[in-house]
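Residues per chain, in single letters:
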Amino acid sequence: MPRAITRHDRTGAAADAPAGPLAPTPAQTIGPFYGYALPFPGGEQIAPAGHPGTVTVHGCVRDGEGAPVPDALLEFWQAGPDGGRTGAPGSLRRDPATGAVLGRNGVDFTGFGRVPTDADGRYAVHTRPATAPAGHPDAAPYLAVCLFARGLLHHLFTRVYFPGHPAGRPTDPLLARLPAARADTLLARPDGPGRYRFDIRLQRSADGAHEETVFLAYR
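Draft legend 1. Region of the structure containing the pairing of strand S6 (residues 101-104). Note that strand S5 (residues 92-94) and S6 share three bridges and pair antiparallel. Pairing of Arg93 across the sheet is with Gly103, part of S6. Between S5 and S6, which follow one another and run antiparallel, lie six residues, and Gly99 among them has a positive phi close to 80°.

Okay, structure coming up:
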């Protein structure tokens, strides 16, 4: 039998509350805690500012209802112009006294960027045109993306492919295995000179008008 629960009235006197089921506690979001230490100055500058041929990739992260996610964090990796994936170490400058990251040195292309979404769920990174990784001649050029967001116990992986490489789509190991509608969720859209738009949707919309972005599982 459930026990009566003792409570106190406004005078401080104890009283017995009716026995019965308790109301559930309010739901709480898991995190995020990314904004404290992970973002760093110049995180969006994968290519040095002013580098010729730099392109901008921008977009919005949205949930299943289409609402923007204002506190997500995105990490980008890409192969270098030669297809190498080793990156260029030493591009981040640190304060010699505190160790705090001051920003990039403005010279090296590292192939890595990290950027949070703003209050409207938007992000933007500036980088060099994508290339296919060395040793994978059948792959279409892409950016690898890792997404952190509130409520996610595990981060999500996806890719950004670019138009202008139609020959690579039928032979790419990933795109070739996806139905056309699903593959389209990985394709950036031209959005002006040197600009591409790539939105990320965490779930398929209820009306089916918008597909969930394809996310990858690595084994």
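Draft legend 2. Spatial organisation of the sheet that holds strand S4 (residues 73-77). In space, the four strands of this open sheet follow the order S7-S4-S9-S10, with antiparallel pairing throughout. Because the sheet does not close on itself, it has two edges, and the strands there are strand S7 (112-116) and strand S10 (156-161). For this sheet, the mean inter-axis angle between neighbouring strands, taken without regard to orientation, is 25°.

Draft legend 3. Structural detail: the pattern of salt bridges. In this structure the tally under the stated criterion is six salt bridges. Of the charged contacts, one joins Asp71 and Arg150 as a salt bridge, the two residues approaching to 3.2 Å between their closest N and O atoms. Of this pair, Asp71 sits in the loop between strand S3 (55-62) and S4 while Arg150 sits in the loop between strand S9 (142-148) and S10; the two residues are 79 residues apart in sequence, bridging distant segments of the chain. The exposure class of Asp71 is partly exposed, given its relative accessible area of 27%. Between Glu211 and Arg182 there is a salt bridge, with the nearest N and O atoms lying 3.5 Å from each other. Linking Glu211 in the segment after strand S13 (200-201) with Arg182 in helix H1 (residues 180-183), this pair joins segments that are 29 residues apart in sequence. Of the residues examined, Arg182 reaches a relative accessible area of 22% and is grouped as partly exposed.

Draft legend 4. Main features of the layout of surface pockets. As a volume, the largest pocket reaches approximately 400 Å³. Contributing to the lining of the largest pocket are 24 residues, with Trp77, Gln78, Ala79, Gly84 and Arg85 lying nearest its centre. Sorting the residues of the lining of the largest pocket by element identifies S9 and S10 as the ones contributing at least two each. Counted as a void, the second largest pocket has a volume near 280 Å³. As for the second largest pocket, its lining consists of 14 residues, of which Asp184, Thr185, Arg189, Asp199 and Arg201 are closest to the centre. Considering only residue class, the lining of the second largest pocket consists of four nonpolar, three polar and seven charged.

Draft legend 5. Structural context of the nonpolar core. Grouped together as the largest cluster of nonpolar side chains are 23 residues, with contacts concentrated most on Val61, Leu74, Phe76 and Ile200. Among the secondary structure elements, those contributing two or more residues to this core are S3, S4, strand S8 (122-127) and S9. With sequence-adjacent residues up to four places away left out, Val61 is seen in contact with Ala67, Pro68, Val69, Ala72, Leu74, Thr117, Gly121, Leu147, Ile200 and Leu202. Counting residues in hydrophobic clusters, the runner-up holds 11 residues, among them Ala140, Tyr161, Ala183 and Val214.

About the cut-offs
- Residues numbered from 1 in each chain as written.
- Predicted model: local features only at pLDDT ≥ 70, side-chain atom pairs only at ≥ 80, totals over all residues.
- Heavy atoms only, no water.
- Pairing = 2+ DSSP bridges.
- Helix = DSSP H or I, 4+ residues; strand = E, 2+ residues; numbered from the N terminus.
- Axes fitted to C-alpha atoms, helices over the stretch in contact; angles between N-to-C directions.
- Salt bridge = Lys/Arg side-chain N within 4 Å of Asp/Glu carboxyl O.
- Buried < 20%, exposed > 50% of the residue type's maximum accessible area, 1.4 Å probe, protein only.
- 1 Å grid on protein atoms, 1.4 Å probe; cavity = no way out; pocket = protein on both sides within 12 Å on 5 of 7 lines; lining within 4 Å.
- Points joined across faces, edges and corners; volume = space filled by probe spheres on them.
- Nonpolar A, V, L, I, M, F, W, Y, C, P; charged D, E, K, R; others polar.
- Core = buried A, V, L, I, M, F, W, Y, C linked by side-chain atoms within 4.5 Å.
- Contact = heavy atoms within 4.5 Å.

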